[in-house]
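Chain and residue survey
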Amino acid sequence: MILVNGSERAVVSVADRAMLYGDGCFSTILVEQGKPRLWSLHLKRLQKNVEAFSMTPPDWVLLTDTVYQLAAEYPNKGGIKVLISRGVGGRGYSPSGCSDTQVVISDFVWPEYYTHWQQEGIELGVCQQRLSLSPLLAGFKHLNRLEQVLLKQEAEQNGWLDAVALDVSGHVMEATASNIFWRKGDTIFTPDLDMSGVHGVMRAHVIELIGNSEYCLEFVKKPLDILLCADEVFITNALMALVPITNINGIRFAARDALDWLNERLYTC
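Rules behind the numbers
Residues numbered from 1 in each chain as written. Predicted model: local features only at pLDDT ≥ 70, side-chain atom pairs only at ≥ 80, totals over all residues. Heavy atoms only, no water. Helix = DSSP H or I, 4+ residues; strand = E, 2+ residues; numbered from the N terminus. Expected span 1.5 Å × (residues − 1). Buried < 20%, exposed > 50% of the residue type's maximum accessible area, 1.4 Å probe, protein only. Arc of directions from axis to C-beta. Contact = heavy atoms within 4.5 Å. Pairing = 2+ DSSP bridges. Axes fitted to C-alpha atoms, helices over the stretch in contact; angles between N-to-C directions. Salt bridge = Lys/Arg side-chain N within 4 Å of Asp/Glu carboxyl O.

1. Some points on helix H2 (residues 39-52)
An α-helix turns once every 3.6 residues. As a result, residues three or four positions apart point the same way. Under the 1.5 Å per step criterion, the end-to-end length of H2 is 20 Å for 14 residues, consistent within 8% with the ideal 20 Å. Restricting attention to buried positions, one finds in H2 the residues Trp39, His42, Leu43, Arg45, Leu46, Asn49 and Val50. All buried residues of H2 project into a common sector of 165 degrees when viewed along the axis, lining one side. Across from the buried face of H2, at angles greater than 90 degrees, the exposed residues are Ser40, Lys44, Lys48 and Glu51. Tucked into the core, H2 has its buried residues touching strand S3 (24-32), strand S4 (35-36), helix H3 (60-71), strand S5 (77-85) and helix H6 (201-211). Looking one or two places after H2, you find serine 54, whose phi comes out positive at around 55 degrees.

Shown next, in the form of C-alpha coordinates:
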(Lines give C-alpha, C1' and ligand atoms only; values in the text may rest on other atoms or scores of the structure.)
Protein backbone atom coordinates (compact mmCIF):
# COMPACT_ATOMS: atom_id res chain seq x y z
CA MET A 1 0.00 0.00 0.00
CA ILE A 2 1.15 3.53 -0.77
CA LEU A 3 -0.35 6.46 1.11
CA VAL A 4 0.28 10.03 0.01
CA ASN A 5 -0.69 12.54 2.70
CA GLY A 6 -2.88 9.87 4.27
CA SER A 7 -4.76 8.97 1.08
CA GLU A 8 -4.38 5.68 -0.75
CA ARG A 9 -2.90 6.65 -4.08
CA ALA A 10 0.37 6.06 -5.87
CA VAL A 11 0.69 9.38 -7.66
CA VAL A 12 2.89 12.37 -6.93
CA SER A 13 3.55 15.31 -9.21
CA VAL A 14 6.39 15.05 -11.74
CA ALA A 15 7.33 18.53 -10.48
CA ASP A 16 7.79 17.30 -6.90
CA ARG A 17 11.14 18.42 -5.53
CA ALA A 18 11.88 14.93 -4.23
CA MET A 19 12.13 13.78 -7.84
CA LEU A 20 13.72 16.94 -9.23
CA TYR A 21 16.37 17.50 -6.56
CA GLY A 22 16.17 14.78 -3.94
CA ASP A 23 14.78 17.50 -1.68
CA GLY A 24 13.57 15.61 1.38
CA CYS A 25 14.29 12.81 3.81
CA PHE A 26 13.15 9.29 4.63
CA SER A 27 13.30 6.50 7.17
CA THR A 28 12.76 2.74 6.88
CA ILE A 29 11.14 0.98 9.83
CA LEU A 30 11.06 -2.64 10.93
CA VAL A 31 7.62 -3.93 11.92
CA GLU A 32 7.31 -6.85 14.33
CA GLN A 33 4.11 -8.25 15.85
CA GLY A 34 2.12 -5.34 14.48
CA LYS A 35 4.34 -2.64 16.00
CA PRO A 36 6.93 -0.32 14.43
CA ARG A 37 10.26 -0.99 16.14
CA LEU A 38 12.18 2.02 17.49
CA TRP A 39 9.50 4.38 16.18
CA SER A 40 10.40 7.13 18.66
CA LEU A 41 13.94 7.22 17.22
CA HIS A 42 12.65 7.21 13.63
CA LEU A 43 10.26 10.05 14.41
CA LYS A 44 12.97 12.05 16.16
CA ARG A 45 15.28 11.67 13.17
CA LEU A 46 12.58 12.67 10.68
CA GLN A 47 11.77 15.74 12.76
CA LYS A 48 15.45 16.66 13.02
CA ASN A 49 15.90 16.32 9.26
CA VAL A 50 12.82 18.38 8.44
CA GLU A 51 13.97 21.12 10.81
CA ALA A 52 17.53 21.09 9.47
CA PHE A 53 16.29 21.40 5.88
CA SER A 54 13.86 24.21 6.85
CA MET A 55 10.89 22.27 5.49
CA THR A 56 7.31 22.93 6.56
CA PRO A 57 6.61 20.19 9.14
CA PRO A 58 3.91 17.66 8.30
CA ASP A 59 1.21 16.61 10.75
CA TRP A 60 3.36 14.41 12.97
CA VAL A 61 0.37 12.97 14.84
CA LEU A 62 -1.32 11.90 11.59
CA LEU A 63 1.97 10.51 10.29
CA THR A 64 2.46 8.46 13.47
CA ASP A 65 -1.13 7.18 13.40
CA THR A 66 -0.71 6.10 9.78
CA VAL A 67 2.51 4.23 10.55
CA TYR A 68 0.85 2.36 13.39
CA GLN A 69 -2.19 1.53 11.24
CA LEU A 70 0.00 0.02 8.53
CA ALA A 71 2.13 -1.81 11.08
CA ALA A 72 -0.95 -3.48 12.53
CA GLU A 73 -1.33 -5.37 9.24
CA TYR A 74 1.87 -7.33 9.94
CA PRO A 75 1.44 -9.85 12.79
CA ASN A 76 4.94 -11.20 12.11
CA LYS A 77 7.49 -9.06 10.28
CA GLY A 78 7.22 -6.32 7.70
CA GLY A 79 8.65 -2.97 6.77
CA ILE A 80 7.42 0.60 6.39
CA LYS A 81 9.08 3.46 4.55
CA VAL A 82 8.27 7.08 5.35
CA LEU A 83 9.38 9.63 2.76
CA ILE A 84 8.95 13.37 3.30
CA SER A 85 9.33 15.74 0.35
CA ARG A 86 9.31 19.51 0.29
CA GLY A 87 6.65 19.16 -2.40
CA VAL A 88 6.06 21.25 -5.51
CA GLY A 89 7.23 24.82 -5.74
CA GLY A 90 10.16 27.17 -5.73
CA ARG A 91 12.12 28.41 -8.72
CA GLY A 92 15.00 26.17 -9.74
CA TYR A 93 16.95 25.11 -6.69
CA SER A 94 15.36 27.80 -4.54
CA PRO A 95 12.76 26.41 -2.10
CA SER A 96 11.36 29.89 -1.48
CA GLY A 97 7.59 29.82 -1.15
CA CYS A 98 7.43 26.03 -1.14
CA SER A 99 5.34 24.82 1.81
CA ASP A 100 3.36 21.93 0.27
CA THR A 101 5.12 19.18 2.23
CA GLN A 102 4.30 15.71 0.94
CA VAL A 103 4.36 12.55 3.03
CA VAL A 104 4.56 9.20 1.24
CA ILE A 105 4.21 6.10 3.42
CA SER A 106 4.52 2.60 1.99
CA ASP A 107 4.75 -0.92 3.39
CA PHE A 108 6.57 -4.01 2.16
CA VAL A 109 7.37 -7.61 3.04
CA TRP A 110 10.41 -8.06 5.29
CA PRO A 111 13.33 -9.71 3.42
CA GLU A 112 13.57 -13.24 4.82
CA TYR A 113 17.23 -13.57 3.90
CA TYR A 114 18.05 -11.24 6.77
CA THR A 115 17.39 -14.15 9.13
CA HIS A 116 20.25 -16.08 7.54
CA TRP A 117 22.48 -13.01 7.67
CA GLN A 118 21.76 -12.52 11.38
CA GLN A 119 22.52 -16.15 12.22
CA GLU A 120 25.41 -16.98 9.90
CA GLY A 121 26.91 -13.57 9.19
CA ILE A 122 28.13 -12.29 5.83
CA GLU A 123 31.38 -11.40 4.09
CA LEU A 124 32.13 -7.82 3.04
CA GLY A 125 34.02 -6.51 0.07
CA VAL A 126 35.70 -3.12 -0.01
CA CYS A 127 34.45 -0.57 -2.53
CA GLN A 128 36.98 1.21 -4.72
CA GLN A 129 34.62 4.17 -5.13
CA ARG A 130 34.88 6.65 -2.26
CA LEU A 131 32.27 8.68 -0.39
CA SER A 132 32.63 12.44 -0.72
CA LEU A 133 33.03 14.78 2.24
CA SER A 134 29.79 16.69 2.70
CA PRO A 135 29.50 18.40 6.09
CA LEU A 136 26.18 20.05 5.14
CA LEU A 137 24.51 16.65 4.69
CA ALA A 138 26.64 14.37 6.87
CA GLY A 139 24.57 12.13 9.13
CA PHE A 140 21.21 12.98 7.56
CA LYS A 141 18.97 10.40 5.84
CA HIS A 142 18.28 12.72 2.91
CA LEU A 143 16.99 11.68 -0.50
CA ASN A 144 20.25 12.32 -2.38
CA ARG A 145 21.37 8.69 -2.35
CA LEU A 146 23.19 8.43 -5.70
CA GLU A 147 26.49 7.64 -3.97
CA GLN A 148 24.86 4.64 -2.27
CA VAL A 149 23.35 3.53 -5.59
CA LEU A 150 26.81 3.52 -7.19
CA LEU A 151 28.37 1.73 -4.22
CA LYS A 152 25.65 -0.93 -4.23
CA GLN A 153 26.14 -1.34 -7.97
CA GLU A 154 29.86 -1.94 -7.42
CA ALA A 155 29.11 -4.47 -4.69
CA GLU A 156 26.69 -6.39 -6.90
CA GLN A 157 29.11 -6.38 -9.83
CA ASN A 158 31.69 -8.03 -7.56
CA GLY A 159 29.22 -10.52 -6.11
CA TRP A 160 29.36 -9.06 -2.61
CA LEU A 161 26.30 -9.03 -0.35
CA ASP A 162 27.59 -5.74 1.07
CA ALA A 163 30.83 -3.80 1.19
CA VAL A 164 32.83 -1.37 3.28
CA ALA A 165 32.71 2.22 2.02
CA LEU A 166 35.64 4.56 2.67
CA ASP A 167 35.59 8.33 2.30
CA VAL A 168 37.94 10.22 -0.03
CA SER A 169 40.44 10.49 2.82
CA GLY A 170 40.55 6.70 3.16
CA HIS A 171 38.62 6.49 6.42
CA VAL A 172 36.12 3.69 7.08
CA MET A 173 32.65 5.27 7.06
CA GLU A 174 29.92 2.64 6.69
CA ALA A 175 28.73 -0.22 4.50
CA THR A 176 26.63 0.45 1.40
CA ALA A 177 23.32 0.43 3.29
CA SER A 178 24.28 0.07 6.92
CA ASN A 179 26.46 1.41 9.71
CA ILE A 180 29.52 -0.45 10.90
CA PHE A 181 30.94 -1.21 14.35
CA TRP A 182 34.04 -3.13 15.38
CA ARG A 183 35.45 -4.27 18.70
CA LYS A 184 39.07 -4.53 19.84
CA GLY A 185 39.36 -5.80 23.39
CA ASP A 186 36.89 -3.94 25.59
CA THR A 187 36.47 -1.00 23.20
CA ILE A 188 33.85 -0.74 20.47
CA PHE A 189 34.55 1.64 17.60
CA THR A 190 32.25 3.25 15.04
CA PRO A 191 33.06 5.94 12.46
CA ASP A 192 32.66 9.61 13.27
CA LEU A 193 30.01 10.82 10.81
CA ASP A 194 30.64 14.56 10.95
CA MET A 195 31.77 14.75 7.32
CA SER A 196 30.01 11.87 5.58
CA GLY A 197 27.73 8.87 6.09
CA VAL A 198 24.28 8.32 7.58
CA HIS A 199 23.47 8.29 11.28
CA GLY A 200 21.15 5.27 11.32
CA VAL A 201 18.38 4.68 13.83
CA MET A 202 19.76 1.28 14.80
CA ARG A 203 23.19 2.89 15.14
CA ALA A 204 21.70 5.39 17.59
CA HIS A 205 20.05 2.58 19.54
CA VAL A 206 23.25 0.52 19.68
CA ILE A 207 25.23 3.54 20.84
CA GLU A 208 22.73 4.05 23.67
CA LEU A 209 22.97 0.38 24.68
CA ILE A 210 26.77 0.46 24.69
CA GLY A 211 26.61 3.52 26.94
CA ASN A 212 24.99 1.31 29.58
CA SER A 213 27.53 -1.50 29.22
CA GLU A 214 31.05 -2.22 30.42
CA TYR A 215 32.36 -1.60 26.90
CA CYS A 216 34.02 1.68 25.99
CA LEU A 217 32.79 3.41 22.83
CA GLU A 218 34.93 5.56 20.55
CA PHE A 219 33.92 7.57 17.46
CA VAL A 220 36.87 7.45 15.11
CA LYS A 221 38.29 8.23 11.70
CA LYS A 222 40.43 5.22 10.91
CA PRO A 223 41.80 3.57 7.76
CA LEU A 224 40.82 0.10 6.58
CA ASP A 225 43.81 -1.65 8.17
CA ILE A 226 42.60 -0.67 11.64
CA LEU A 227 39.21 -2.25 10.93
CA LEU A 228 40.94 -5.40 9.70
CA CYS A 229 42.74 -5.74 13.05
CA ALA A 230 39.45 -5.95 14.98
CA ASP A 231 38.37 -8.87 17.16
CA GLU A 232 34.82 -8.67 15.80
CA VAL A 233 32.89 -6.62 13.27
CA PHE A 234 29.15 -6.13 12.75
CA ILE A 235 26.87 -3.93 10.68
CA THR A 236 23.52 -2.42 11.60
CA ASN A 237 20.41 -0.88 10.16
CA ALA A 238 16.83 -0.63 11.36
CA LEU A 239 15.49 -3.33 9.03
CA MET A 240 18.07 -6.08 9.49
CA ALA A 241 19.10 -5.11 13.05
CA LEU A 242 22.57 -6.56 13.78
CA VAL A 243 24.53 -8.70 11.32
CA PRO A 244 27.93 -10.25 12.15
CA ILE A 245 30.74 -9.90 9.62
CA THR A 246 32.73 -13.08 9.03
CA ASN A 247 35.30 -11.91 6.48
CA ILE A 248 36.67 -8.72 4.91
CA ASN A 249 39.32 -8.97 2.20
CA GLY A 250 40.26 -12.47 3.33
CA ILE A 251 40.54 -11.49 7.02
CA ARG A 252 38.26 -13.67 9.14
CA PHE A 253 36.32 -12.61 12.23
CA ALA A 254 34.83 -15.24 14.52
CA ALA A 255 34.13 -13.51 17.85
CA ARG A 256 30.62 -12.28 18.63
CA ASP A 257 30.96 -11.17 22.25
CA ALA A 258 29.67 -7.62 21.86
CA LEU A 259 27.12 -8.69 19.27
CA ASP A 260 25.63 -11.35 21.55
CA TRP A 261 25.50 -8.89 24.44
CA LEU A 262 23.67 -6.34 22.29
CA ASN A 263 21.23 -8.86 20.82
CA GLU A 264 20.16 -9.92 24.32
CA ARG A 265 19.12 -6.33 25.05
CA LEU A 266 18.16 -5.03 21.62
CA TYR A 267 14.43 -4.50 22.18
CA THR A 268 14.16 -4.82 25.96
CA CYS A 269 14.65 -1.15 26.85
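After that view, the rundown keeps rolling.
2. Observations regarding the sheet that holds strand S2 (residues 7-8)
Ordered in space as S2-S1-S6-S5-S3-S4, the six strands form an open sheet in which the pairing is antiparallel. A strand with exactly one partner marks an edge of an open sheet, and here the two such strands are S2 and S4. Of the strands in this sheet, S3, S4 and S5 are in contact with H2, which crosses S3 at around 175 degrees.

3. Here's the deal with the pattern of salt bridges
If you walk through the whole model with that rule in mind, you get ten salt bridges. With a closest N to O distance of 2.8 Å, arginine 37 and glutamate 32 form a salt bridge. Ionic pairing is found between aspartate 231 and arginine 183, a salt bridge with its closest N-O pair at 3.7 Å. Of the two residues, aspartate 231 sits in the loop between helix H7 (224-227) and strand S13 (232-237) while arginine 183 sits in strand S10 (residues 179-184), which places them 48 residues apart along the sequence. Its relative accessible area of 30% is what places aspartate 231 among the partly exposed residues. The class of arginine 183 is buried, set by a relative accessible area of 8%. A single network of salt bridges, built from pairs that share partners, joins Arg183, Lys184, Asp231, Glu232 and Asp257.

4. So, the pairing of S10
Most of S10 is tucked away, with five of its six residues classed as buried. Note that S10 and S13 share five bridges and pair antiparallel. Looking at S13, one finds that tryptophan 182 is bridged to valine 233. Examined bridge by bridge, S10 and strand S11 (residues 187-191) share three bridges and lie antiparallel to one another. From the neighbouring strand, tryptophan 182 faces S11, where its bridge partner is phenylalanine 189. Linking S10 to S11, which pair antiparallel, is a turn of two residues; within it glycine 185 sits at a positive phi near 65 degrees.

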